[in-house]
Amino acid sequence: GASVTVKDGVYYIGGGATAEADNDILFLNIKNGKLSAEKIGDLPFTLQNGTAVEKDGKLYIISGKQNGKATNKMYEYNIATGEIKELAPVPGGATRTQAVSQILNGKLYVFSGGDVTAYTDGYKYDFAADKWTSAASVELDGKGISLLGASSVKLNEKEMMVIGGFNKEVYDNAVSNLGSLKGEELVKFKAGYFGADPAEFNWNREILIYNSDSDSWKSIG
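So, how was this worked out
- Residues numbered from 1 in each chain as written.
- Predicted model: local features only at pLDDT ≥ 70, side-chain atom pairs only at ≥ 80, totals over all residues.
- Heavy atoms only, no water.
- Core = buried A, V, L, I, M, F, W, Y, C linked by side-chain atoms within 4.5 Å.
- Buried < 20%, exposed > 50% of the residue type's maximum accessible area, 1.4 Å probe, protein only.
- Contact = heavy atoms within 4.5 Å.
- Helix = DSSP H or I, 4+ residues; strand = E, 2+ residues; numbered from the N terminus.
- Polar contact = N/O pair within 3.5 Å; in protein donor to acceptor, adjacent residues only side chain to side chain.
- Pairing = 2+ DSSP bridges.
- Axes fitted to C-alpha atoms, helices over the stretch in contact; angles between N-to-C directions.
- Phe/Tyr/Trp six-rings, centres within 6.5 Å; stacked < 30°, edge-to-face > 60°.
- Lys NZ or Arg CZ within 6 Å of the ring centre and 35° of its normal.
- Expected span 1.5 Å × (residues − 1).
- Arc of directions from axis to C-beta.
- Parallel < 35°, antiparallel > 145°, perpendicular 65-115°, else oblique.
- Left-handed = near helix turned anticlockwise from the far one by under 90°.
- Nonpolar A, V, L, I, M, F, W, Y, C, P; charged D, E, K, R; others polar.

Ranked by size, the top nonpolar core spans 16 residues in total, and within it Phe111, Val138, Leu147, Met160, Leu208, Tyr210 and Trp217 carry the most contacts. Contact partners of leucine 208, with chain neighbours within four places excluded, come to Val138, Leu140, Ile145, Leu147, Met160, Met161, Val162, Trp217, Lys218 and Ser219.

Now the structure itself:
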C-alpha cells in the first residue's frame, strides 16, 4: 500500500492483504495511548505499489498497479466528501510502479519507479494547472540511479531525502530474462535470481538529497 504521514497520523491506501481490502483508505493514529486504525473510505480501484501525498484535505494517488495493472494514472481523493477525480497522468511512460513522491514548495515531485524497465526520470506537477513538467533525473556524476522501491522523507519545504533503490542494470536484466527465457534456461535463471544473496542485487547505498530550489541531486554519504 501507499502511506502518507500528516500532522495527526498516517493514511494507508490499498495494499495486498485481501481482495476486499485492496481499495481501502485507512487512517492510523494514537488514541488514549493505543493505536487506532479507522477505515475512512474506498477507492474505485485496488492499489498496490503506488505512491501518494496529501494536500489541503485531499489525497493524491499516483501510478502503481491499479486494478492489478501497472499504470501512470493519478487521482485526487477528497477526504471529506469521498469524491475522486482523474488528473493528468505522470509523463515518461504508460506504466510506473514503486516510484517516490513528495510535495516541495507547493508542487508534487515524482521520481523513478519502473515496470518493464527501471526509470531514473523525474517530474514536477502544478496542482493549479493540472500540468506536469520535467524535473532533474536521478543522477550522480552523470550516472542514473534507480529509486525503484526506495523510501523518501520530506526534510523541509525544498528538500527530500531518499534511501534505497533497486539497481537498474540488475532489474532490467531480470525483467528481460524472465520475459524471454524458456524451459530449463528459465528454471535455471529463476533459481539463481530468486536464490541470490541480497548483496548481489546491489541496491543503491547512496543517501540522496533532492533540492527543488536548485533542481539538483546530491549524496550525503
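Okay, back to it.
It is worth spelling out the side chain of asparagine 167 at this point. In this structure, asparagine 167 sits in the loop between strand 17 (159-163) and helix 1 (168-180). In this structure the side chain of asparagine 167 is engaged in a polar contact, spanning 3.0 Å, whose partner is the backbone nitrogen of glutamate 169. Discounting chain neighbours no more than four positions away, the residues touching asparagine 167 are Phe201, Asn202 and Trp203.

All right, on to the sheet that holds strand 10 (residues 100-104) then. Sheets are built from strands that pair by backbone hydrogen bonding, the pairs being arranged parallel or antiparallel. Across the sheet, which stays open at both edges, the 4 strands sit in the order 10-11-12-13 with antiparallel pairing between neighbours. Edge strands, defined here as strands with exactly one partner in the open sheet, are strand 10 and strand 13 (131-135). Strand-to-strand twist of the sheet, defined as the mean angle between neighbouring strand axes without regard to direction, takes the value 25 degrees. By the bridge criterion, 4 bridges tie strand 11 (residues 107-111) to strand 12 (residues 122-126) in an arrangement that is antiparallel.

Read from one edge of the open sheet, 4 strands run 16-17-18-19, paired in antiparallel fashion. Edge positions in the sheet fall to strand 16 (151-154) and strand 19 (216-219), since each has one partner strand and no second. On average, each strand axis in the sheet is inclined to that of its neighbour by 25 degrees, with strand direction left out of account. Bridge count between strand 16 and strand 17: 4 bridges; the pairing is antiparallel. Note that in strand 17 the partner of lysine 154 across the bridge is methionine 160.

Applying the stated criterion to the full structure yields 16 aromatic pairs. Between the NZ or CZ atom of lysine 55 and the centre of the ring of phenylalanine 127, over which it lies, the distance is 5.1 Å.

On the secondary structure map, alanine 174 appears in helix 1. Note: C-alpha distance between alanine 174 and threonine 117 (57 residues apart in sequence) is 9.6 Å. Sequence-distant contacts of alanine 174, defined by excluding residues within four places in its chain, comprise Phe189 and Tyr193.

For helix 1, with 13 residues, the first-to-last C-alpha span of 18 Å sits near the 18 Å given by 1.5 Å per residue. Residues of helix 1 that are buried include every one of Tyr171, Ala174 and Asn177, and no others. In an axial view of helix 1, the angular spread of the buried residues amounts to 140 degrees, which keeps them on one side of the axis. Residues of helix 1 that are exposed and point more than 90 degrees away from the buried face comprise Glu169 and Gly179. In the core, the buried residues of helix 1 are packed alongside helix 2 (183-194).

This part covers the packing of helix 1 against helix 2. Contact pair helix 1 / helix 2: the axes reach a minimum separation of 10 Å and the direction vectors enclose 150 degrees. Classed by the angle they form, the pair helix 1 and helix 2 counts as roughly antiparallel. The handedness of the crossing between helix 1 and helix 2 comes out as left-handed. Taking contact as the criterion, the partners of Val170, Asn173, Ala174, Asn177 and Leu178 in helix 1 are, on helix 2, Leu186, Phe189, Lys190, Tyr193 and Phe194. When its residues are assigned to classes, the contact of helix 1 with helix 2 shows 7 nonpolar, 2 polar and 1 charged.

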